[in-house]
Amino acid sequence: MGSGTSTAESANEHDHDDHHHDLPFIKKYLFSTDHKIIGYQYGITALIFLFIGFYLMMVMRWSIASPEKPLPGILAAFLNDAWLNDEGRVTGDLYNMFGAMHGTIMVFLGIVPLAFGAFGNFVTPLQIGAPDMAFPRLNMASYWFYFLGGVTMFASFFIPSGAAEAGWTMYSPIATTAQLDEPNLWYTGQTFWLIGMILLISSSLLGAVNFITTIINLRCRGMTWMRLPFFVWAMLVTGFLLLLAFPPLEVAALMQLMDRLVGASFFIPTGLNFTGAGSVDAGLLDVAGGGSPLLYQHLFWFLAHPEVYVLILPAIAIVGEIIPANIRKPMWGYKSMVYAVMVLGFLAFIVWAHHMYLTGMGNVVSTFFQATTVIISIPSVILLTCLFISLWGGSIRFTVPMLWALAFLPMFGFGGLTGLPLAFNFIDLHLHDTYYVIGHFHYIVAPGTIFGLFAGIYHWFPKATGRMMNSKLGHMHFWPSLVAMNGIFLPMMIQGMSGFHRRWYDGGLNYEQIAGQVLFEKDSIFAKLLSNVPGIESGKTIEMIDLNHVMTFSVWILLIGQFPFIFNFIYSIFKGKKAESDNPWKATTIEWLAPNKPGHGNFLSEPIAYRGPYEYSVPGHEKDYSPQFERGPDGIILGEEDPMAESEGSE
Amino acid sequence: MADTPEQILKDMKKYWLIGWILLGCTVLTVVVAWVTPSITIGLGIATVKAGLVAVIFMHLSDEKSLIYKVLIYTVFFAIGLMFLTLLALYDPIIAPSSRSY
Amino acid sequence: MEIPYEVKPRPDTGLWNAKVGIWLFLASEVMLFGGLFSAYLFLRLGANGEADYFWPEGVLSVGFGFVNTLILILSSVFVVVAWLQLKLKNFEKFRFWMILVVLCAAIFLVNKGFEYAAKFKHYGIKLSDNSIVEGHGIDDTIRYEGIKEVTIDVARFNGEFLKYVHGEKPKFREILSTDAEGKPVLGDPIELSEREVRNIEDRRNDDLRKEHLAENDLMRSLKAKAMARQRLGQPISKEQESALDYNIIRWLPAMGVKQLSLVAEKEFLIQINRKKLRKSFPDSVKFRDQTSLKGTISKLTPGLYLEAIDRIDLRATDSENPETSSLVWKYLGRESPLKSQSEDGSSEGDKDHAAIGYNEVEQKAKDDSAPHDPQNEAEKAKKIFLGLREDVLAKAKAKDKEAEFGKTLNHSVLKWKDEDGEVLDSHAPILVPWDDVKLYSNFTPKWNTYYAIYFTLTGLHGLHVLLGALVLLYFAVFGKKLFDKDPEHMANRVEVGGLFWHFVDLVWIFLFPILYLM
Ligand code: HEM
Ligand SMILES: [Cu+2]
């Protein structure tokens, strides 16, 4: 089937999927086992959580920039009045709660489900030419575990204690002892968090088993390992990261739960003097002691470092798909990228203690983790470099997905490079727990991963809906987002280096020595420029703390920048321009063979991979792209005679 | 594994034999623990038993290479998790008082 | 639509889907138990560095563990046999062996249940000098009399303390304010209940809200006036000036009442299990909902009572001089120290005793029926323990190394022997004054990190056994249909279930030595 001709129509006529047409609504859309529907479910749920996380962050940023002003009505309208103090301001407790839940929601309920759950589910089987995931019912279970976990987390806002409030890392003993004065310990945000976490982890584990099995066993004819699109490779590695890194956190959550509920002391040291946070009395806890808070940190970071790669790999993978399609040229260094991602997946497991340099580790351990951390930046750089070099000499089409992908590269690069200084324990001594760290990883996750995800949404939207997203609105979404993201995170690096702690709810108001450092002299040009930002008086010396206004202002711009997207997304589903063919971007991977809005079973005829994934502008071919699924003059089916054609990538 | 009935019956004998060996090992562990409470011997026997279960009962003696790869990585990381956390426990930062300048 | 390779293996990988899936799942299980094992190591090795904590060894019944190990190993054999029978296309035999497996699982779980139950019935007390007594039959009721004042955290109050008021519930009067001389102004007597507190809260908040709104109105009008005058260039008064930067804030819950103080019409008495209290101070008691009771409090119960002692552990006793070990000196033997104190009239202990008859009857009965002399027994025990300790210290000194108290000071009471070889069958009850109780608990995760990891590991393992058994039972009972349709598919399923079962067995093989034997 030539992808130039339109089969979109034929797909929309429901001739090939009438059998699943009879399914009742609930089976078709709610308890569906179809990987695409599950992908949409993941996507929509995750987007909603992303917006909730965004809202929490806006409240926090208000508190940071204007700790002395009452929370404005727009923000206060959504929250329980009892959380504000009697002047209508955000309290430290509220800030802690929102901080912890912002991190949790963004990481575990927003990005990972969107990147791995939604894109992974929708794209992976299509790209390897499979009719569905290997275990469709497990796939459904995985979504519903995620949903339950999300509901549990979200419900914790509505119980009297409020949600968890001990940071997204939930370090013991502070997490174990938080909200300990509640009458019923089951009914506290901390406990809900742990239970929610256990559900989310179960979901991820089921998902990971399913993904890896699918990739290993359901590749279509001719799809050998080295013909897999890079996206699939990244999903495979991500799957292994989740599979092997999450169980220790599940254990840790379970043990913290025991500490909270039955008075065990896994993470409580002997003789912990508990000097009354909040309304809790000072004095010894009524527990045996003998446990170790460091054990929790080890178990947590054993997950959480691999988790950061779970956050970024899908985004790199999406960008890796979009770039070749929009430069009309093969990806540069496909093989090195595959090996790099495998090495990354391996090393990700042995760097975790770089988050714990300041916990009193000795030199031997520090040095080990310092070395591995520095080494792991090599594959990261290889990935980025390959993508950059790919651009060289391409005929770049600046489509909306490509814009996001292009912006992703420097943003991810910046985030990655700022990680290097942190890798050295002596520098980390200064930077640990400052805004520098916050800036470092937000550069990777926010303008990095989230840009990658937006790119993916614009890119695969026609496959999912048969319609294109509006590109004018796409531009209106992209440019403000790009500017605002940098307006938010660049000042963080500056503040961090000057010593701003990451958990100040008043933005440094009470820490004059740090907050009052001069950034720009009174009449310098930058000072004049910044005085345009609301909240900064004109004609004054710009101090470090004034950057808070820049960031908070940028947040509002970022918010406004998302409205075109929301509108575009909903509008285009129903009224967008029809995609002109099944392959509107003229791309080469197999998902573009499937009809738009693929039915149950995905493909109209058996897909076969005749060539590598990125054969653009092959000399001698008439078109500037030679899809994997087109035989053409030189296509061959590899790997049929030879059972173990190439080595497996099992991280 | 060939699936002829003869082969299957032979396997069945093998499994019973291994079962008896495992039971014997269990008795041995208890006896040894009685005589000398040595952690190494106890864990050593346990490892042998676990090995038998994995290799014979779970057919790891005859499995596809892909599964070996997955398991090697897993075991590697599991050991890494145990070993490195312990290393961190035994390598605390040097206390100032114990330094000799 | 059909998913490929559900039954037949894929040619190039040689595997069918579920086989890949189960091995991946088992890989994650390895990490799960790996995490727990590393926690075990961390806690065990870390514990032995602590001065006041020793890793308990040999506290589980090896018999139980041994039998359970045998059962699991047998069941593992049965599973493979069942699977082979299925391959021989012999469904009935398959069913037979599978049912045996499930039976094994059931026996295993019942065994575990007995083991757990025994643990729940045993208690330990850690004394303030870190010596440990273990036994069973505990009474931890505690009584306070002379309570008069009650302070309530309005938001949290759940009326729990009322449940523990002994005798008739008094009426309460709210302290509204204090007059010029510092004397409280009291409100009308009320029946205290959660409902009532809510009513008071509402009433109070209404008033406060009205006040707040009135002030807002006042300031708003002042502000308007001031702004008007400012516009006209007229001078403004101080009051108006301050109104200029007044922020109008709407009513917020944080502006409402937070605490209520009440006085009881007459003193009352509460009786409660110590565990249910959030905290107790010399002159006040605090509940989990932050309700605090005050008065001329005196504790009526002298202390924690343990009916029978099984084991004593003196290893961690921190005093350099073992002579002062509180355990040896004060509590061994069945005479309560408080009681004997009261006999020479030096304290009110006796009166307290008499007032509530706490344990007295029981204790008396024990004393009378006892064939031997408690005083003497305490003396003997002391001799044994102190002697052993001296021994160890002397040996250490001779070899110029640290004293290894090891098992020597970690004794089962039943095995006590004095120098003459006389066996002391002592099951003396003891009574430990509350001030000397550092921690008490039954043998649950709370008691120490050993039990914490023991329950977590075996609990999680037990859960695996249960789930695995249910799946296998399902195969045995409902497998016929699939077997008739596609025997190979059925064999595949059983193989996957079997793999899981072997893994569960494999985990237990490690659990047995590390928890029971070492
Ligand atoms: C180029 C390789 C990278 C290096 C060398 C690196 C290094 C580090 C180091 C040493 C820290 C600890 C800083 C501290 O707490 O004092 C850190 C924190 C962090 N990194 Fe990276 N990083 C890299 C890439 C990434 C990537 C790709 C992500 C993906 C999202 C990421 C996410 C994070 C997060 C979330 C934290 C902070 C966690 C917290 O404390 O809350 N990093 N990084
Ligand atoms: Cu890290």
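1. Structural notes on the overall build of chain C
Part 1: When helices and strands are tallied, chain C shows 12 helices and 14 strands.
Part 2: The buried share of chain C, reckoned over its 518 residues, is 53%.
Part 3: In chain C, of all internal contacts separated by at least 6 residues, the share reaching a separation of at least 24 is 76%.
Part 4: Within the structure as shown, chain C displays about 23800 Å² of accessible surface, and the carbon and sulfur contribution to it stands at 54%.

2. Re the interface of chain C and chain A
Part 1: Contact residues are listed per partner, giving 56 residues for chain C and 67 residues for chain A.
Part 2: In total, about 5000 Å² of surface goes out of reach between chain C and chain A, with carbon and sulfur atoms giving 63% of it.
Part 3: In this assembly, chain C and chain A are joined by 3 salt bridges.
Part 4: Across the salt bridge formed by Asp12(C) and Arg219(A), the nearest N and O atoms sit 3.9 Å from each other.
Part 5: On inspection of chain C and its partner chain A, the count reaches 7 residue pairs in polar contact (both at pLDDT 80 or more).
Part 6: Within the residue set of the side of chain C that touches chain A, elements represented by two or more residues are helix 1 (17–47) and helix 11 (449–485) of chain C.
Part 7: For the side of chain C that touches chain A, the element with the most residues is helix 1 of chain C, which contributes 16 residues.

3. Focus: the pattern of salt bridges
Part 1: Applying the stated criterion across every chain yields a total of 24 salt bridges over all chains.
Part 2: Measuring nitrogen to oxygen at the nearest pair gives 2.5 Å for the salt bridge that ties Arg10(C) to Asp12(C). Here the two residues Arg10(C) and Asp12(C) agree in accessibility, since each one is buried.
Part 3: The shortest N-O distance in the salt bridge between Arg220(C) and Asp217(C) comes to 3.3 Å. In this pair, Arg220(C) and Asp217(C) are both assigned in helix 4 (residues 194–231), 3 residues apart and thus about one turn of the helix distant.
Part 4: Among the charged side chains, a network of salt bridges with common partners joins Glu182(A), Asp153(C) and Arg156(C).

4. So, the domain arrangement of chain C
Residues and elements named next belong to chain C.
Part 1: For chain C, the assigned domains read domain 1 (17–122 + 447–517), domain 2 (125–139 + 310–341 + 354–439) and domain 3 (142–297).
Part 2: With 8 residues of domain 1 in contact, the opposing surface of domain 2 contributes 12 residues.
Part 3: Carbon and sulfur atoms make up 56% of the surface buried where domain 1 meets domain 2, a total of about 930 Å² over both sides.
Part 4: For the pair domain 1 and domain 2, the interface holds 0 salt bridges.
Part 5: For the pair domain 1 and domain 2, the interface holds 0 residue pairs in polar contact (both at pLDDT 80 or more).

5. Overview of the coordination of the copper ion (ligand 2)
Residues and elements named next belong to chain A.
Part 1: Of the protein atoms, only His305 (ND1), His354 (NE2) and His355 (NE2) coordinate the copper ion (ligand 2), at distances of 1.9 to 2.1 Å.
Part 2: When the donor residues of the copper ion (ligand 2) are listed from N- to C-terminus, their spacing reads H-x48-H-H.
Part 3: A spacing of 4.5 Å is found between the copper ion (ligand 2) and the iron atom of ligand 1.
Part 4: Of the residues examined, His354 reaches a relative accessible area of 13% and is grouped as buried.

6. A few points about the site of ligand 1
Residues and elements named next belong to chain A.
Part 1: The local shell around ligand 1 holds 21 residues, among which Trp168, Asp428, His432, His440 and Arg502 are the closest.
Part 2: Here an oxygen atom of ligand 1 and a side-chain polar atom of His432 are 2.6 Å apart.
Part 3: The separation between an oxygen atom of ligand 1 and a polar side-chain atom of Arg502 is 2.8 Å.
Part 4: Looking at which element gives the most residues to the shell around ligand 1, the answer is helix 16 (residues 435–465), with 5 residues.
Part 5: A per-class count over the shell around ligand 1 returns 11 nonpolar, 8 polar and 2 charged.

7. Regarding helix 16 of chain A
All names here are of chain A.
Part 1: Helix geometry: helix 16 is bent most strongly at His442, by close to 40°.
Part 2: With 30 of its 31 residues buried, helix 16 lies for the most part within the structure.
Part 3: Backbone geometry just downstream of helix 16 places Gly466 in the positive-phi region, at approximately 80°.

8. What to know about the packing of aromatic side chains
Part 1: All told, the structure shown has 89 aromatic pairs over all chains when counted by the stated rule.
Part 2: Measuring from centroid to centroid gives 6.3 Å for Phe443(C) and Trp447(C), while their planes differ by 20°, and the two rings are stacked.
Part 3: Linked through ring pairs, Tyr40(C), Trp55(C), Tyr116(C), Phe120(C), Phe443(C), Trp447(C), Tyr450(C), Tyr451(C), Tyr454(C) and Phe455(C) together constitute an aromatic cluster.
Part 4: Just above the ring of Trp225(A) sits the side chain of Arg219(A); from NZ or CZ to the centre is 4.1 Å.
Part 5: Directly above the aromatic system of Tyr625(A) lies the positively charged group of Lys623(A), at a separation of 4.8 Å from the ring centroid.

9. Regarding the packing of helix 17 (residues 471–497) of chain A against helix 20 (residues 547–575) of chain A
In helix packing, the relevant descriptors are the interaxial angle and the interaxial distance, both defined with respect to the helix axes.
Residue and element names in this part refer to chain A.
Part 1: Packing of helix 17 against helix 20 leaves a shortest axis separation of 8 Å and a crossing angle of 155°. With respect to helix 20, the axis of helix 17 lies roughly antiparallel. Between helix 17 and helix 20 lies a crossing whose hand is left-handed.
Part 2: Of the residues assigned to the contact of helix 17 with helix 20, the class counts are 18 nonpolar, 10 polar and no charged.

Each value, and the rule that gives it
Residues numbered from 1 in each chain as written. Chains lettered and ligands numbered in written order. Predicted model: local features only at pLDDT ≥ 70, side-chain atom pairs only at ≥ 80, totals over all residues. Heavy atoms only, no water. Helix = DSSP H or I, 4+ residues; strand = E, 2+ residues; numbered from the N terminus. Buried < 20%, exposed > 50% of the residue type's maximum accessible area, 1.4 Å probe, protein only. Contact = heavy atoms within 4.5 Å. Areas by Shrake-Rupley, 256 points an atom, 1.4 Å probe, with all protein chains shown as cover. Buried area = accessible area lost by both parts, 1.4 Å probe. Salt bridge = Lys/Arg side-chain N within 4 Å of Asp/Glu carboxyl O. Polar contact = N/O pair within 3.5 Å; in protein donor to acceptor, adjacent residues only side chain to side chain. Domains from an automatic or database assignment. Donors = N, O, S within 2.8 Å, 3.2 Å for Na, K, Ca; no water. Near = heavy atom within 4 Å. Nonpolar A, V, L, I, M, F, W, Y, C, P; charged D, E, K, R; others polar. Bend = angle between axes of the 7 residues up to and from the residue. Phe/Tyr/Trp six-rings, centres within 6.5 Å; stacked < 30°, edge-to-face > 60°. Lys NZ or Arg CZ within 6 Å of the ring centre and 35° of its normal. Axes fitted to C-alpha atoms, helices over the stretch in contact; angles between N-to-C directions. Parallel < 35°, antiparallel > 145°, perpendicular 65-115°, else oblique. Left-handed = near helix turned anticlockwise from the far one by under 90°.

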